[in-house]
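Below are the chains, spelled out letter by letter.
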Amino acid sequence: RARVHQQITKELRMRTGAENLYRATSNAQVRETVVLELSYVNSSLQLLKEELEELNGSVEADGPGSQGITVPMIPLGLKETKELDWSTALKELISGHFGEDGASYGAEIRELEDLRQAIRTPSRSEAGLELLMAYYNQLCFLDTRFVAPAGSLGLLFHWYDSLTGVPAQQRALAFEKGSVLFNIGALHTQIGARQDRSCPEGTRRAIKAFQRAAGAFSLLRENFSQAPSPDMSPASLSMLEQLMTAQAQECIFEGLLLPPLATPQDGVAQLCLAQEAAQVAAEYRLVHQTMAQPPVRDYVPFPWTALVHVKAEHFCALAHYHAAVALCDSPLRGLTALSVSDPSTSQPWGSAWPEEPEERRKLGKAHLKRAILGQEEALRLHAVCRALRRVDLLQAVLARALRCSLAKYSELDREDDFLETSEAPDIQPKTQQKPEIRAPSFSSVKVTDIFHRLGPLSVFSAKNCWRLVGPVHMTRGEAGFGLTLRGDAPVLIAAVIPGGPAAAAGLQEGDYIVSLNGQPCKWWKHAEVVAQLKGVGDEGVSLQVVTLLPRAEPPGTGHHRPALGGLLRSQKECGGGTPAPARASPRPFLGWSRKAKRGKSRGSAPSPRPWTDRTLATSYLGAGAVTLQ
């Protein structure tokens, strides 16, 4: 472990130097050389981290000597990031916009910084996924509370490209959210690739992981329009989505082989396996075509392209092998047509299996010939790539498949076969279980807004401007307090009766009650505020309210409307605390989509953003209006 840590430190220093040179130079040739160096350093770092993870013994790999030998999968490395200081920007925003003492939120800021530090090196497990999703949910809260429609937090988010290692910087919080979502998908790929697929349970977990990874990349592609780095470009995300779908399809095929067929002579089962293998080959062929097209081919690792090509040839050969077994070993006659198509006519081949055993033997021999040629091509492609040559497990899988085809071909070959075997038609792809692209389950990770003390997000966010009124004193009149309340957290003054005590105190329709007799009540329910006001005696009640302002009008102070900092002082004097909100998690949509429209009416509370959890929004219809008497 000490040796690996030393090598990691060395590679990090090399990357820092290359990064500084990349930023300092304007020479295109030098920049191209530096990009290649960064790609090499990033690959070395990923290998070293994988080696360190294996030393920690978290996952056991399936070796060539085990009973179930499976083809290796392609995991995606995580994006790396630098440390980030949230303190200065958030304290200034809390003091300037919210009117509270930013220093009093030091504990919340440290909690956020600790969470971000933890997601830089998540464990390759479900616990690591939950950590990343918890941080992502907190970023949704931060986006809703602190980011104005045309502004930013003033922070520079720094992330490294997962494929090339080139650094990218942006001030938009959406870049941070997108990078975390990318890492959620990447971590799913690593979990899926590490599963023991020689057992049904491991195969099911691998399918689920690759489907979740495809969902994460799909969600990112649909919502992120301007990519700051190649790995988050629409072309790359589309390629990754296709790759994870193909790997899930491969796991489905492997699941059909577990346990082995009780009767290998079952022609229907062998036919299904042939079509499933053809489906896997078709998926990988599509991925290989995408990887070979610019701009993806300029930065996708060559071993990935080589492995995808090998798998396309391997599974196409397996399809022909199983078709040959179905033709030659099945005792059934009059079976439904073998789903193949003639390359010359593109029409279904035959209406039924060949009835004569000799015809079936010759056709099966033709399929085996194509299987052998395909497996030899897969072995050749494997030998061409230096990185794949080091994967002994892959070579063992390919060699075993070739031996099975050769043995079967020897059984069918006869000394009097002087005529050349006719060309076997292609196998038509078909699957009984198509992989489903599933978005990560963000709702399963419940979090509480770290900065909930600032108040409900429906009102107390950087998207709104407001001013504090009070404290104002009211006494009950003959007709009561003269106001109508509605909604929860915070409670809204829905109407003010002209000439009543509320109107005389300066309260207005649309104000929100934030303090009652010195007790902060931003998070109080409608019934709690009504009960407190009904219990007021002749001494009256002291209220503080906030009034939302149009965006064009900056928050100011009037005769009865001092700065919001007065609210903080009154809370401290009364020693009151703010009740914690209900635990909730935002919906897993990204805030940077250009498709979202968030218009707000002037002088009124904005409607909650469509991806904000409903428990965060003020409910104007759930609580009935009550006129206080």
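Conventions and cut-offs
- Residues numbered from 1 in each chain as written.
- Predicted model: local features only at pLDDT ≥ 70, side-chain atom pairs only at ≥ 80, totals over all residues.
- Heavy atoms only, no water.
- Helix = DSSP H or I, 4+ residues; strand = E, 2+ residues; numbered from the N terminus.
- Polar contact = N/O pair within 3.5 Å; in protein donor to acceptor, adjacent residues only side chain to side chain.
- Contact = heavy atoms within 4.5 Å.
- Axes fitted to C-alpha atoms, helices over the stretch in contact; angles between N-to-C directions.
- Parallel < 35°, antiparallel > 145°, perpendicular 65-115°, else oblique.
- Left-handed = near helix turned anticlockwise from the far one by under 90°.
- Phe/Tyr/Trp six-rings, centres within 6.5 Å; stacked < 30°, edge-to-face > 60°.
- Buried < 20%, exposed > 50% of the residue type's maximum accessible area, 1.4 Å probe, protein only.
- Lys NZ or Arg CZ within 6 Å of the ring centre and 35° of its normal.

*Asks:* Hey, could you go over the side chain of E250 for me, with residue numbers and the actual values?
*Replies:* Examined against the element boundaries, E250 turns out to sit in helix α8 (residues 234-256). Polar contacts involving the side chain of E250 include one to the side chain of K311, which spans 2.9 Å. Beyond its immediate stretch of four places on either side in the chain, E250 contacts V71, M73, R197, V280, Y284, K311 and F315.

*Asks:* If you had to explain the packing of helix α4 (residues 106-119) against helix α5 (residues 126-146) to someone new, which residues and values would you point to?
*Replies:* Relative to each other, α4 and α5 sit at 140°, their axes nearing to 9 Å. By the angle between their directions, the pair α4 and α5 is classed as oblique. Where α4 crosses over α5, the handedness of that crossing is left-handed. In contact with L112, L115, R116, A118 and I119 of α4, α5 contributes L131, L132, A134, Y135, Q138 and L142.

*Asks:* Could you give me a rundown of the packing of aromatic side chains, with the residues and numbers involved?
*Replies:* This model, assessed by the stated rule, comprises ten aromatic pairs. Taking 4.6 Å as the distance between ring centres and 35° as the angle between the ring planes, the aromatic pair formed by Y136 and F442 counts as tilted. Placement of the pair is Y136 in helix α5 and F442 in the loop between β4 (426-427) and β5 (465-474), with a sequence separation of 306 residues. Grouping residues by exposure puts Y136 and F442 together as buried. Ring centres of F146 and F451 lie 5.2 Å apart, and the angle between their planes is 90°; on these two criteria the pair is classed as edge-to-face. Pair noted here: F146 is in helix α5 and F451 is in the loop between β4 and β5, with a separation of 305 residues, a long-range link. Relative accessible area serves as the criterion here: at 2%, F146 is assigned to the buried category. Assessed through its relative accessible area of 1%, F451 is described here as buried. Site record: aromatic cluster; members linked through ring pairs are F98, Y105, F146, F451, F460 and W466. The ring of Y160 has R15 sitting right over it, with the charged end atom 3.8 Å from the ring centre. Here the basic side chain of K79 rests over the ring of F182, its NZ or CZ set 5.6 Å away from the ring centre.

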